[in-house]
Structures are given as structure tokens and as C-alpha cells.
Amino acid sequence: MKKKIISSVATGVLAVALTVCAAADRPSGANTKTAPMKEKPAVTVGYYDISRVSAHDPSIVKDMDTGTYYVFGSHLATAKSDDLVNWTQITTDYKKTKDHPIYGNLAENLAESFAWAGHNDGDCLGGFAVWAPDVHWFDEYEWEDGSKGAYLLYYSASSTWRRSCIGFAASKTIDGPYAYVDTLIYSGITADGTIDGAGNRNTKWDNDYLNFNELLEKGSANGGIDEINEKWFRGSEYNTDYAPNAIDPTIIRGADGHMYMVYGSWSGGLFILETDPRTGRVLYPGKDSVEETSGNYIDRYYGCHIAGANHESGEGPYILYDEEAGYYYLYETYGALQRKGGYNMRLFRSKNIYGPYVDAAGGNAADNGVDNFKYGIKLIGNYAFTDQRGYRAAGHNSALIDGDGNRYLVYHQRFDEATEYHEVRVHQQFLNEDQWPVTAVYENRNETIANVTEEQAAGSYELINHSTGNETHMLKTQSVTLQPDGTVSGDLTGSWKKTDSQKGYDYVTIEAGDLIYKGIFFEQTDDSNEKVMTFSAIGNDNTCIWGSK
């Protein structure tokens, strides 16, 4: 899936006329450095009173010294917030490339990655293609002077829909500048060097600006590989049914304390590699094998395959380990990123970092390389409540479990308007009765969820069923009534009940024939600045439903 490149002379914060986009991630509670807790103010403001920013593929990370939240996005865009409500734009899309606060002199700093892809080449002639960074604090990272600890920024650079690479840079402070360290993963290689795209790169795997020769010299016993994998090629071309597009890296600290990088887009799907916390570099498997618990295949170079294949849509992977739930939650985004491209986020989970990652209906993410709409809990479709703004193409998310245990989903949002303009959105999340994180209906205002009475919960709601499809149209807004006698009427019929979660909020269960939806009640502020009761629930058919009273 190809992304539109914004050239270095472009202005503004819009990512226009895109075909697909990149991802970013940040498991916050996984860091071992302690961040000061700030009291988040109770914010009760209207939709248009919030300070908003634009950063495509926002990766959330918390400054472990100041407690400030940052999002790092594609096209060099960054922003920060003290409260996860109001945001300040730091940098916009490719506005600066020579004196950038994060990347420094971009062309010089990332020159080693750009030798393969991402600068004045292919789809980015005259400009750059740097996408979907993810920043993570590494306690164990060792600097040349012997000191330890660094923020590592993992990024992707790309020139075509398959010729890409993933590299990383290091800084002792979250706001940079970040010094280039290494390029780790290359995709789009060929067996014969055929030029790919509007450039002049020789794409043969044995070029000196790639790392395959170096890994072959080491051998699998010393952290390299023994030989080139024939599966990487289809004839002489790169085999995009099997191997990934090397973009959208994100970092996770696992329950075992180890560091991992998940990445990939379309093509052969999503892959995961263990990462050395002392160096920030990935640990190549060295040999092909099968992962014991999941049954997923392991490629000697690209790592363990966990989702996708056959160039079926699926990108922006983000894995977050939730200690309370005991699960790794995998997010990925399907579809094309334009407002009418059907972009939508999906959710899977696993007890094992390598999978299998399954959805609420029992589907395995490793099988979603065919008919992907059948797999994954669909979190948000194209929707609008009456007299409120219409939303489209929500996607490429990261997620955060803060030091106080609060959960957040962070993503970019387009709108039901004649523009590709997008903004960062943050919604709270809560674990339902089955330990799935359900997403609050309205965006975060730092409101505290609380128990509600039967009388507060009962009543008529506007209903959004986010469906399981990759729809490009706006979904129909429906209506439903939770009757005081425990029945449900309207566009959904059946029964409902409210139970205390013993966590300070109430579960809701709605049964409609064979469908069972489990979620939470939450009084929120809507886009019109009105207090309304809401419910959010996940169905056993992978649908999410939202109600706004």
C-alpha cells in the first residue's frame, strides 16, 4: 500500500490524497523509569474549545522526567500535551528538514537509511518519506561514554509500496535531537537488481548499502543469517505475498522484561522481532522455524509472522501489554487511509507475545491475509450522532496505560467533510467483563467513570453499530431503548442488565439472539458540551456498539 509523499517544500499539516499510511506506538506502563504523576484537571469544555493538533499515525509516549505527553507522527509532525486533552503543535509536516528539533539535518542524519529509500527517490522525488516513528525509553541502553538510558526513536523510510527500511536514532531527552544509530530491516529487495519506482537504486539484495552481506558473514550462530531465503523472491522480484513492507515499527516491553519490535504493512503482513535493550538493535532469528506456542512461522531475517499476507490491507501494528488483564493487545488498521478509503482499527489479543492473536469471535490474526474484514474487533467506523460532527477513517493508533492505571486509545481522525484534514484524537478505554478494552464513545475530557443507577442507565439512546466491514460510506445511525424491565427495543431487540464491576464503574451486557455485547456505562460530555449517559460494548461477532442517551 503506497503513501502519498509530502515534499520538503510542502506547507501545512494536511496529509492529502494518500493511499495508505504509517503507524506508531507506545506502551507507557512498560517503562521502568518513574514518571511524576500530574493531576489531570477536570475539563468540561465544548468541542471547539479544545486545542487540537495534526499528526498522522500518532505514537503516544510520556516524558519520564516531566510527565508531559508527546505524540510523534509521520512526515516529522510532533505535538505535546500536559493533560491528554489540549495539545500544542511542535512541528508540522516537513516544514523543517535542515534544523529540525527532533531529526536535526534530516538528509544528513538519516543518510544511511536514505541510501536505500525515503529521500528524493521513487515516490518521494524532490522530497522525503519518513513515516510512523515510535519513541520508547530504554533503561539499559549503553552510550559510548558508558552512561545508560536513552529515548530511542524508531522510524521508517520508504520510496515505493515495497522498498522501505526501518532505522532508529537515540537521544537522552525526549524532545531530541535524535542521533542516527543504525538501519535494521530492509524490504523490497530483488534477486537481479531491477529498478523499482522513479529512481535509480539497484535493488539487488547484495548491495553494500543493505545489511544482508554483513549478516551472512556473521552467520546464524553469531547473530546473523546463514543464507538468503528463497521465499523472499517471486522469480527475481520481491515476494510481497510472503515478506513485509518494512514500515510502521513500534516497541513493546513484554511481561518477561524483554524488548520487542513489531512492524509491517500490507504485503506479507505484520512481524515481530526481539530487541536488544543495550543496543536498540533487533535480534535476527538466523534460521527459519515455527514458533512453539502460536504455530506462527519465523523468518530468519524478518522475524515471527503474526498477521496478514498476500498484500491484504493491514498496517500500523501496535502491541500493548496490560498487566491487569494479562494479555498482549494487538491493534492494526485495515483499508486505505483517505476519508473515503475505509480505514478502520482492529483489535486482537494473546497471552504470548508471538501469538496466536485472536479476536472476540475466535479468529486468528495470522489468517487475515484473506478476507481481512472477517478478522479483528472493529473499533470505530464512519459515524455521526445527530447534530454532531461526522467522523471518518479513524486509524493508525497507539495506546497508553498511564501510571494511574487509566487506559487511552490515541489515533488520527478524518471527518465527513470535503477535505483530507485530520486531527489527533484520544479516547479513554476500560476493560469489560471479558477483559477486552472497550473504547469510550466521546473523546477524553479527563472525566472520571463512576457507578450509575438503573434509572440513569435505562432510556433511549442513539446507537452506532460499527459493523465488521471495511465500509467507505457513513454508517446508519440507529436507535435503541434500554427498558426499565430489562428488555431492549428499537433497532436492536433482546435483553440488558447492569452489574457492578467492583472497579468503580458498571458493566453492561446486551443479549440479542446469538449476539452478546459486553461493555460499560460512562457519563460523558458530548460534542455539544452536554452531559450524556453512554454505553460502549464489544460483541462476540467482533462488532462494537456505542450508545449516546
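Undergrad: Now, about the pairing of strand β16 (residues 303–307): what can you tell me, with residues and values included?
TA: Both faces of the sheet carry side chains from a regular strand, because those side chains alternate between them. With 5 of its 5 residues buried, β16 lies for the most part within the structure. Here strand β13 (residues 270–275) runs beside β16; their pairing, made up of 3 bridges, is antiparallel. Within β16, the residue paired with I272 across the bridge is C304. Two strands pair when backbone bridges link them, and strand β15 (residues 297–299) and β16 are joined in this way by 2 bridges, in the antiparallel orientation. Its bridge partner being in β16, I298 is matched across the sheet by C304.

Undergrad: Which residues make up the sheet that holds strand β1 (residues 59–62), and what values do they have?
TA: Strand order in the open sheet made by the 4 strands is β1-β2-β3-β4, with antiparallel pairing throughout. Sheet topology places β1 and β4 (88–91) at the edges, where each strand pairs with a single neighbour. Each strand axis lies, on average, 25° off the axis of its neighbour in the sheet, ignoring direction. Sheet topology places strand β3 (residues 78–81) next to β4; 3 bridges connect them, and they run antiparallel. Across the sheet, residue K80 finds its bridge partner in β4, namely T88.

Undergrad: If you had to explain the nonpolar core to someone new, which residues and values would you point to?
TA: Among soluble globular proteins, nonpolar side chains are generally buried collectively. By size, the foremost hydrophobic cluster in this structure holds 65 residues, and its most contacted members are I185, I189, F212, W232 and Y302. Of all the secondary-structure elements, those providing two or more residues to this core are β2 (69–72), β5 (130–142), β6 (148–158), β7 (164–171), β8 (179–187), α3 (212–218), β12 (259–264) and β13. For Y302, the contacting residues outside a window of four places in its chain are I185, Y186, S187, I189, F212, W232, Y238, A243, P244, Y263, F271 and L273. Counting residues in each nonpolar core, the second largest holds 37 residues, with Y383, A399, F415 and A440 among its members.

Undergrad: If you had to explain the pattern of salt bridges to someone new, which residues and values would you point to?
TA: The final tally for this structure, using the stated rule, is 30 salt bridges. Salt-bridge contacts for E420 lead to R414; the nearest nitrogen and oxygen are separated by 3.0 Å. On the basis of relative accessible area, R414 is assigned to the buried category, the value being 0%.

Undergrad: Tell me about the side chain of T543, and please be specific about residues and values.
TA: Tracing the backbone shows T543 in the loop between β31 (531–539) and β32 (544–548). Setting aside residues up to four positions removed in sequence, T543 forms contacts with N465, S467, T468, Y517, A537 and I538.

Undergrad: With reference to specific residues and values, describe the confidence of the model for the protein.
TA: Mean pLDDT for the protein: 92, with 91% of residues reaching 70 or above. Below a pLDDT of 50 lies the segment residues 1–34, which in the model reaches 158 contacts outside its immediate sequence neighbourhood of four places, other chains included.

Undergrad: How would you explain the sheet that holds β5 if you had to name every residue and give the values?
TA: Judged by pairing direction, the sheet is antiparallel, and its 4 strands sit side by side in the order β5-β6-β7-β8 without closing on themselves. Looking along the sheet, the strands with just one partner apiece sit at the ends: β5 and β8. Ignoring which end each strand starts from, the neighbouring axes of this sheet average 25° apart. In the sheet, β7 pairs with β8 via 7 bridges, with the strands oriented antiparallel. Looking at β8, one finds that S164 is bridged to S187.

Undergrad: How would you sum up the packing of aromatic side chains? Please name residues and give values.
TA: Considering all chains together, one arrives at 34 aromatic pairs under this definition. Taken together through their ring pairs, the aromatic side chains of F212, W232, Y242, Y263, F271, Y284, Y297, Y301 and Y302 make up a single cluster. Of note, R349 hangs over the ring of W436, and the distance from its end group to the ring centre comes to 4.0 Å. The lysine or arginine in question, K351, covers the ring of Y327, its NZ or CZ lying 4.2 Å from the ring centre.

Undergrad: An account of the side chain of D322 is requested, with residue identities and associated values reported.
TA: Within the secondary structure, D322 is located in strand β17 (residues 315–322). For D322, a relative accessible area of 4% puts it in the buried group. Within the structure, D322 has its side chain in polar contact with the backbone nitrogen of E324 (distance 3.1 Å). With near-sequence residues (within four places) excluded, D322 lies in contact with Y327, Y329, I401, R407 and L431.

Undergrad: Explain the pairing of strand β25 (residues 459–465) residue by residue, including any values.
TA: Judged from the 5 bridges that link them, β25 and strand β26 (residues 478–482) form a sheet pairing that is antiparallel. Within β26, the residue paired with G459 across the bridge is L482. As paired strands, β25 and β32 are joined by 4 bridges and run antiparallel to one another. Looking at β32, one finds that E462 is bridged to S548.

Undergrad: Describe unusual backbone geometry, listing the residues and the values that go with them.
TA: Along the chain, G176 connects to P177 via a cis peptide bond; the corresponding omega equals 5°. Position of P177 among the secondary structure elements: in the loop between β7 and β8. Following G355, the chain continues to P356 via a peptide bond in cis, the omega torsion being 10°. Looking at the element boundaries, P356 is found in the loop between β19 (344–350) and β20 (377–378). Its identity as a non-glycine residue notwithstanding, A393 has a phi of 55°, on the positive side. Look at A393 and you get buried, because its relative accessible area is 1%. Here the phi dihedral of N542 falls at roughly 75°; this positive angle occurs in a residue that is not glycine. By the element assignment, N542 lies in the loop between β31 and β32.

Undergrad: Tell me about the environment of T386, and please be specific about residues and values.
TA: Turning to its location among the elements, T386 is positioned in the loop between β20 and β21 (391–401). Taking relative accessible area as the criterion, T386 reaches 48% and is therefore assigned partly exposed. Between the C-alpha atoms of T386 and G126, which are 260 residues apart in sequence, the distance is 44 Å. In terms of polar contacts, T386 uses its side chain to reach the side chain of E462, at 2.5 Å.

The rules behind each value
Residues numbered from 1 in each chain as written. Predicted model: local features only at pLDDT ≥ 70, side-chain atom pairs only at ≥ 80, totals over all residues. Heavy atoms only, no water. Buried < 20%, exposed > 50% of the residue type's maximum accessible area, 1.4 Å probe, protein only. Helix = DSSP H or I, 4+ residues; strand = E, 2+ residues; numbered from the N terminus. Pairing = 2+ DSSP bridges. Axes fitted to C-alpha atoms, helices over the stretch in contact; angles between N-to-C directions. Core = buried A, V, L, I, M, F, W, Y, C linked by side-chain atoms within 4.5 Å. Contact = heavy atoms within 4.5 Å. Salt bridge = Lys/Arg side-chain N within 4 Å of Asp/Glu carboxyl O. pLDDT = per-residue confidence, 0-100. Phe/Tyr/Trp six-rings, centres within 6.5 Å; stacked < 30°, edge-to-face > 60°. Lys NZ or Arg CZ within 6 Å of the ring centre and 35° of its normal. Polar contact = N/O pair within 3.5 Å; in protein donor to acceptor, adjacent residues only side chain to side chain.

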